[in-house]
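A structural walkthrough
Okay, here's what each chain looks like letter by letter:
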Amino acid sequence: MPDGRPFFVIGQWSSPDLTVWRVQEAPDDPAQRAAAHEELGMDAEEAFGGVEIVYAASAEDAEATARREAAETAERISRDLKRQREQGGNAARRPRRKVPHRYT
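The following refers to the structure shown. What you see is a predicted model; the values in this text were computed from it and never measured.

Things to note about the overall build of the protein chain
- Each helix and strand in the protein chain was counted, giving two helices and three strands.
- Each helix (α) and strand (β) of the protein chain, taken in turn from the N terminus, gives the series β-β-α-β-α.
- The globule rule puts the C-alpha radius of gyration for 104 residues at 13 Å, and the 22 Å found for the protein chain is more than 25% above it.
- With the C-alpha coordinates aligned to their principal axes, the bounding extent of the protein chain is approximately 65 × 40 × 25 Å.
- In the protein chain, which comprises 104 residues, the proportion classed as buried is 23%.
- Summarising the internal contacts of the protein chain: among those between residues at least 6 apart in sequence, 59% fall at separations of at least 24.
- A total accessible area of about 8300 Å² is found for the protein chain, and carbon and sulfur atoms account for 48% of it.
- Charge-centre separation for the protein chain: the mean point of 16 positive side chains lies 21 Å from the mean point of 19 negative side chains.

Encoded structure:
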């Protein structure tokens, strides 16, 4: 089990930016936590947001962890996209295949 208590971090993720609407302690029981996560998730989706479960010592630590993870994820995605563009630019271009069209 991860270190710390489970917290729900509710907000809107936009690349490295995270707008936190609320942080609340999640239930310890996995079944109750899953039910609460689903309910909060439906409410957050209506406002184009989401809910993440973060394990931390306090609500402040949970928010800081969520912000750090959002920034790390955005950086990783950026590196992956850059690598794909570089590989795509170096790849030999294949000629397009002509497909005959017959109209009757």
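A look at the pattern of salt bridges
- Taken as a whole and judged by the stated rule, the model has five salt bridges.
- Notably, a salt bridge pairs Arg68 with Glu72, separated by 3.7 Å at the nearest N-O pair. Remark: Glu72 and Arg68 occur in helix H2 (residues 59–90); sequence separation between them is four residues, near one turn of the helix.
- Residue classification places Arg68 among the partly exposed residues on the basis of a relative accessible area of 45%.
- Judged by relative accessible area, which is 43%, Glu72 ranks as partly exposed.
- As a salt-bridge pair, Asp80 and Arg83 come within 2.6 Å of each other at their nearest N and O atoms. Within this pair, Asp80 and its partner Arg83 are both found in helix H2, separated by three residues, close to a single helical turn.
- Looking at Asp80, the relative accessible area reads 30%, which means it is partly exposed.

A look at unusual backbone geometry
- Within the chain, Phe48 stands out as a residue other than glycine whose phi angle is a positive 60°.
- For Phe48, the position within the fold is in the loop between helix H1 (30–46) and strand S3 (50–56).
- Since its relative accessible area comes to 69%, Phe48 is described here as exposed.

Observations regarding the nonpolar core
- In this structure, Phe7, Val9, Leu18, Val20, Val54, Ala56, Ala62, Ala66 and Ala70 together form the largest nonpolar core, which totals nine residues.
- Secondary-structure elements contributing two or more residues to this core are strand S1 (5–14), strand S2 (17–25), S3 and H2.
- With three residues, H2 is the single largest residue contributor to this core.
- Judged by nonpolar contacts, the second largest core, of six residues, contains Phe8, Ile10, Ala26 and Ala44.

Criteria and cut-off values
- Residues numbered from 1 in each chain as written.
- Predicted model: local features only at pLDDT ≥ 70, side-chain atom pairs only at ≥ 80, totals over all residues.
- Heavy atoms only, no water.
- Helix = DSSP H or I, 4+ residues; strand = E, 2+ residues; numbered from the N terminus.
- Rg over C-alpha atoms; globule rule 2.2 N^0.38 Å.
- Buried < 20%, exposed > 50% of the residue type's maximum accessible area, 1.4 Å probe, protein only.
- Contact = heavy atoms within 4.5 Å.
- Areas by Shrake-Rupley, 256 points an atom, 1.4 Å probe, with all protein chains shown as cover.
- Lys, Arg positive; Asp, Glu negative; His and termini not counted.
- Charge placed at Lys NZ, Arg CZ, Asp CG, Glu CD.
- Salt bridge = Lys/Arg side-chain N within 4 Å of Asp/Glu carboxyl O.
- Core = buried A, V, L, I, M, F, W, Y, C linked by side-chain atoms within 4.5 Å.

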